[in-house]
Amino acid sequence: MKNNTAEKNNAPSAAEIAAVVAAFKSATREEQLVLNGVMLGMATQRSITERAG
């Protein structure tokens, strides 16, 4: 079943990517592990959403 709604451009900007990288570099090891889990979950959700159409 194809989703006919207009697609949004959800790509992060260069500034957003730079902010995430800076936050990750300054985070403690425990915070980095949490951020890794969050980013993995977001990537998984995006993959599922894209496959759904």
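Remember, predicted model here, so these are calculated numbers, not experimental data.

Criteria and thresholds
- Residues numbered from 1 in each chain as written.
- Predicted model: local features only at pLDDT ≥ 70, side-chain atom pairs only at ≥ 80, totals over all residues.
- Heavy atoms only, no water.
- Helix = DSSP H or I, 4+ residues; strand = E, 2+ residues; numbered from the N terminus.
- Areas by Shrake-Rupley, 256 points an atom, 1.4 Å probe, with all protein chains shown as cover.
- Buried < 20%, exposed > 50% of the residue type's maximum accessible area, 1.4 Å probe, protein only.
- Contact = heavy atoms within 4.5 Å.
- Axes fitted to C-alpha atoms, helices over the stretch in contact; angles between N-to-C directions.
- Nonpolar A, V, L, I, M, F, W, Y, C, P; charged D, E, K, R; others polar.
- Salt bridge = Lys/Arg side-chain N within 4 Å of Asp/Glu carboxyl O.
- Expected span 1.5 Å × (residues − 1).

Within the chain, the secondary structure is distributed over 2 helices and 0 strands. Carbon and sulfur atoms form 62% of the exposed surface of the chain, whose accessible area is close to 4,800 Å².

This part covers the environment of Gln32. The residue Gln32 is located in helix 2 (residues 29-52) in this model. For Gln32, a relative accessible area of 15% translates into the label buried. Sequence-distant contacts of Gln32, that is, excluding residues within four places in its chain, are made with Phe24, Lys25 and Ala27.

Packed helices, taken two at a time, are described by their axes: the angle between them and the distance between them. It is the contact of helix 1 (residues 14-26) with helix 2, at a shortest axis distance of 9 Å, that shows an interaxial angle of 145°. Facing helix 1, whose interface residues are Val20, Phe24 and Lys25, helix 2 presents Gln32, Leu35, Asn36 and Met39. Its residues placed into classes, the contact of helix 1 with helix 2 shows 4 nonpolar, 2 polar and 1 charged.

Time to look at the pattern of salt bridges. Summed over all chains, the structure comprises 1 salt bridge. The closest approach of N and O atoms between Arg46 and Glu50, which form a salt bridge, is 3.1 Å. Of the two residues, Arg46 and Glu50 both sit in helix 2, 4 residues apart, roughly one turn of that helix.

Before going further, it helps to examine helix 2. For helix 2, spanning 24 residues, the distance from its first C-alpha to its last is 35 Å, which sits close to the expected 34 Å at 1.5 Å a residue. Within two residues after helix 2, Gly53 carries a phi angle of roughly 115°, on the positive side.

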